[in-house]
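Summary of structural features
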Amino acid sequence: MSDPVRFLIAMSQALSTMGLYGDEHPATARALDNALEQLRELQEPNPKLHLTFLAGEVLVGSEMVHELEGWEWSARLVKAGIERIEFTDTVQPEQFARFLSHLTIRLGIRSGSTSGDLWQMGESAIKFGQVALAEGFKKRISGALPVAALTYTLREERETVDWMHQEIREGSRLPMVEADAVVRSLSIAMHTEQAMVLPLLQLKEFDQYTTTHSMNVSVLAMAMGEFLEVGAATVRALGVAGLLHDLGKVCIPHDILVKPGQLTAAERLVVESHPVVGARMLLENSDRLELAAVVAYEHHIRLDGGGYPKLHDARGAQYASRIVHICDVYDALRTTRPYRHAWESERAMAYIQDRAGVEFDPGIARSFIAMMRKWDSQIALASA
């Protein structure tokens, strides 16, 4: 059992004990001492530590704790608005006891009144809250731990994706926590009204295309997943794959990406390398991004075997890649580019219908068109 697992199991046991016996019982004191001891061991290499809780997942820093996949307490913490716990220094016993007492009320283990804002105002080596979008981007500016709830303005999502791309250009690993936060926020924004809404970004400047396009494809891919009723986990996986499908483009020279005229043969080869580059980045980053890597590699492969890169077997692109391929083409056609104006939705759907069976999977194409006809009037165009 790893140190993070030992600490988190000990913390959950302490929370349960506090809820059962109260703060003053000897059993509570023993449970608190054990949890604090496990935390001290976890902090021994570096007292600065942050834990992130997502639906069914726990991350220490940017690394997922595989032993705690599906851990019940992760979902409970997220539901209580606690997606991030950060330890900024060695934790004192009274701070730790006060923190866990606060959590028992937040989690509904026992009754009482509490305020996360009041907790944050005191001097403490423990901070917590929801994962804020553009966290790394904001840390460069202020260095403060964001604890505010997610907002639904797409400006923050766009800034986060911009920052993620910049990190990768500078040689850093993909900030997966922020990528997950963007996908989750887009999913929430899709369901803020009584009916489904597709929050799609309008391109303001050609320089923003890779960012806005990846977010729009993420939204469309999740909408397709929901329309096809593939299940929540698969919907989320499609959202992540859609967000990261063009990751390889962040390494393409800027002047090629925004070139208004026809590309040279050499420039075309550079552009057509982005599926391989993006897939390699994702596989090097994390095993759990295997589906996203497959989609990044295959999203330009046509049903008839055309497109790029070339597959060496007859199976064709995987189902998720075929979904993202249609979402990718639709959003690209609907966006003004340096070499053409944006198409109307009906024209883009007519293109997809005409190319079904040649470029696109016929079943997915029919479902996509049916989805867009159902929800097209509920697209919420936004600038960022």
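Residues numbered from 1 in each chain as written. Predicted model: local features only at pLDDT ≥ 70, side-chain atom pairs only at ≥ 80, totals over all residues. Heavy atoms only, no water.

**Looking at the overall build of the protein**
As a reminder of what qualifies: Numbering of helices and strands runs from the N terminus, with a helix taken as a DSSP run of H or I at least four residues long and a strand as a DSSP run of E at least two residues long. Classification of residues uses two cut-offs on accessible area relative to the type maximum, computed with a 1.4 Å probe and protein chains only: under 20% is buried, over 50% is exposed, and between them is partly exposed. We call two residues in contact when some of their heavy atoms are within 4.5 Å.
A count of helices and strands for the protein gives 17 helices and 7 strands. In the protein, buried positions account for 51% of the 384 residues. Sequence separation of 24 or more characterises 68% of the internal contacts of the protein that already satisfy a separation of 6 or more.

**Section: the sheet that holds strand β5 (residues 126-129)**
Selection rule: At least two DSSP bridges between two strands are needed for those strands to be called paired. Helix axes use the C-alpha atoms of the stretch in contact, all axes being lines fitted to C-alpha atoms, and the angles between their N-to-C directions lie in the range 0 to 180 degrees.
Strand order in the open sheet formed by 5 strands is β3-β2-β1-β4-β5, with antiparallel pairing between adjacent strands. Among the strands making up the open sheet, the edge pair consists of β3 (63-64) and β5. Across 4 bridges, strand β1 (residues 49-54) lies against strand β4 (residues 84-87) in antiparallel orientation. The residue bridging L51 from the neighbouring strand is I85, located in β4. Here helix α4 (residues 93-106) sits on the sheet in contact with β4 and β5, set at roughly 15 degrees to β5.

**Let's talk about helix α7 (residues 154-169)**
Note the cut-off: A helix is expected to span 1.5 Å for every residue after the first.
With 16 residues, α7 ought to run about 22 Å at 1.5 Å a step, and its terminal C-alpha atoms sit 23 Å apart, in line with that. Taken across its 16 residues, α7 has 12 buried, putting it largely inside the fold. Three or more residues of α7 are buried, namely L154, E156, E157, R158, E159, T160, V161, W163, M164, H165, E167 and I168.

**As for the layout of surface pockets**
The gaps of empty space that remain are located by a probe, the size of a water molecule, rolled over the atoms. Here is the rule we go by: Of the two site types, the cavity is a set of points on a 1 Å grid over the protein atoms alone where a 1.4 Å probe fits but cannot get out, and the pocket is an open set with protein on both sides within 12 Å along at least five of seven lines, each lined by residues with an atom within 4 Å of a point. Grid points are joined across faces, edges and corners, and a volume is the space filled by probe spheres set on the points. Three residue categories are used. Nonpolar comprises Ala, Val, Leu, Ile, Met, Phe, Trp, Tyr, Cys and Pro, charged comprises Asp, Glu, Lys and Arg, and polar comprises the others, including Gly.
As a volume, the second largest pocket reaches approximately 630 Å³. If you trace the second largest pocket, you find 29 residues lining it, with E57, A233, R236, A237 and V240 closest to the centre. Looking at the lining of the second largest pocket, the elements that each hand over two or more residues are β1, α8 (176-190), α9 (209-227), α10 (232-244) and α14 (290-298). Per-element accounting of the lining of the second largest pocket gives the leading share, 7 residues, to α10. Tallied by class, residues from the lining of the second largest pocket come to 18 nonpolar, 2 polar and 9 charged.

**Thoughts on the packing of helix α15 (residues 319-333) against helix α16 (residues 345-355)**
Basically, it comes down to this: For any helix crossing, the convention is left-handed if the near helix is rotated counterclockwise from the far helix by under a right angle, and right-handed if that rotation is clockwise.
Running from N to C, α15 and α16 point in directions that differ by 145 degrees, and their axes come no closer than 9 Å. For the crossing formed where α15 meets α16, the hand is right-handed. Residues I326, V329, Y330 and L333 of α15 form the contact with α16, whose participating residues are S345, A348, M349, Y351 and I352. Residue composition of the contact of α15 with α16, by class: 8 nonpolar, 1 polar and no charged.

**Concerning the nonpolar core**
Quick reminder of the rule: The definition of a nonpolar core used throughout is a set of buried Ala, Val, Leu, Ile, Met, Phe, Trp, Tyr and Cys residues joined through side-chain atoms within 4.5 Å.
By size, the foremost hydrophobic cluster in this structure holds 57 residues, and its most contacted members are L198, L244, L282 and F368. Core analysis: the second largest hydrophobic core is formed by 36 residues, M11, M18, F53 and L100 among them.

**Observations concerning the packing of α7 against α8**
Rule in force here: When an angle is under 35 degrees it counts as roughly parallel; over 145 it counts as roughly antiparallel; between 65 and 115 it counts as roughly perpendicular; any other value is oblique.
For the pair α7 and α8, the least separation of the axes is 10 Å and the interaxial angle reads 155 degrees. The angle between α7 and α8 places the two elements in the roughly antiparallel class. Read as a crossing pair, α7 and α8 show a hand that is left-handed. From α7, L154, E157, T160, V161, W163 and M164 reach across to α8, where they touch E178, A179, V182, S185 and L186.

**Section: α15**
An ideal rise of 1.5 Å per residue puts 21 Å on 15 residues; α15 measures up with 22 Å between its terminal C-alpha atoms. Counting buried positions along α15 yields 13 of 15 residues, so the element is predominantly enclosed.

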